Amino acid sequence: MEVIKVKNLVKKYNGLTAVDHISFSVEKGEIFGFLGPNGAGKTTTINILATLLAPTEGEVCVNNFNILTQKDQVRKSIGLVFQDPSLDDRLTAEENLYFHARLYQVPANEYKKRMAEVLALVDLLDRRKDIVKTFSGGMKRRLEIARGLIHHPAILFLDEPTLGLDPQTRAHLWDYILRLKQEKQMTIFMTTHYMNEAEYCDRLVIIDYGKIVAFDTPANLKKAVGGDIIILESPQPYQLKQEIKQKYGLEAKEENGTIIIEISNGKTFLPRLFEELTTKVTSVSLREPTLDDVFLHLTGRKIRDEEASPLERMRQHRFHHRR
């Protein structure tokens, strides 16, 4: 059953296209991800789905409600954890939840039960009376998830849910997200630029410069790369790349002086490479493809430059196409 349907969605800002005719659907109960660099259109898309932005063009339904004509029904159907902190840190955890519950008209006779349930889910029940400014970054993120669940939404939106958290806290937060899916069978729509987080998704959209460049399961996306990845270091990367193309007909990629080859039979091809190459190679490694390789395969670069704004990335995009 589809709980989100998007058809030919477009969003323009002052002549720049942030989201460029994208279409996709989300199934009930799945973790659905948007993977891409900052400025790719991820947050813009999630804000449109959550009725915080109006689209320039396109049709969008969330939980069978139209985002333009049935905004109130959409908002009652969703929980939203923003990319930036949005708690009132002068209030207690319980007071933050109570304020949100009142806004969403949670019945008074149900609030205490729901409050205890969502705080227990994220292991904060014993901290419910504490002022939020005493919480760590990870605890605040968990409280934001609890707040997004207090009204029992059909869909939970997580916009870069672990941004700014250390790796250990990020891993713990994902334990709670996966428990949420398992225990509540909730649909989770998330954005991220972290490759390891994208692996948790049942299905994944890779988005770049506002366009969908791939859409499948993480496993199928990695299969499309072509098998194994051979990584070569050389003081003469251009010469090495040309030799590989000339001898084997392979279009190797160069990334900061590193040569990357996608090959289906890496283990058997590697000895041949050692024997036949004349260009000097200083190091070599062989591994299976990752989602980072998928992005490189599709776009010609890795996800990086995390601080780039949408405007800066759009300018880079225009320059790239002029060359």
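You'll find the structure just up there.
Of all six residues that make up strand S8 (residues 187-192), six are buried, and the element is covered over most of its length. A two-sided burial pattern is seen for S8, the buried positions comprising Thr187, Phe189 and Thr191 on one face and Ile188, Met190 and Thr192 on the other. As paired elements, strand S3 (residues 31-35) and S8 share five bridges and run parallel to each other. Its bridge partner lying in S8, Gly33 is registered against Met190. Of the strand pairs in this sheet, strand S7 (residues 155-159) and S8 are connected by five bridges, and their pairing is parallel. Each residue of the ladder has a partner; that of Leu156, found in S8, is Ile188. Considered for its hand, the β-α-β crossover made up of S7, helix H6 (residues 167-184) and S8 is right-handed.

It is worth spelling out helix H3 (residues 93-103) at this point. Restricting attention to buried positions, one finds in H3 the residues Ala93, Glu94, Asn96, Leu97, His100 and Ala101. On an axial view of H3, the arc spanned by its buried residues comes to 160°, and they lie on one face. Those residues of H3 that are exposed and angled more than 90 degrees off the buried face are Phe99, Arg102 and Leu103.

Moving on to the nonpolar core. Counting 50 residues, the largest nonpolar core has Leu97, Leu143, Ile145, Leu149, Leu156 and Leu158 as its most contacted members. The contacts of Leu156, once residues within four sequence positions are left out, are Gly79, Leu80, Val81, Ile145, Gly148, Leu149, Leu180, Met186, Thr187, Ile188 and Phe189. Of all hydrophobic cores here, the second largest spans 26 residues; its members include Val19, Phe24, Phe34 and Ile48.

Definitions and cut-offs
- Residues numbered from 1 in each chain as written.
- Predicted model: local features only at pLDDT ≥ 70, side-chain atom pairs only at ≥ 80, totals over all residues.
- Heavy atoms only, no water.
- Buried < 20%, exposed > 50% of the residue type's maximum accessible area, 1.4 Å probe, protein only.
- Helix = DSSP H or I, 4+ residues; strand = E, 2+ residues; numbered from the N terminus.
- Pairing = 2+ DSSP bridges.
- Right-handed = clockwise from strand over helix to strand, strands pointing away.
- Arc of directions from axis to C-beta.
- Core = buried A, V, L, I, M, F, W, Y, C linked by side-chain atoms within 4.5 Å.
- Contact = heavy atoms within 4.5 Å.

None of this, on its own, says anything about what the molecule does.
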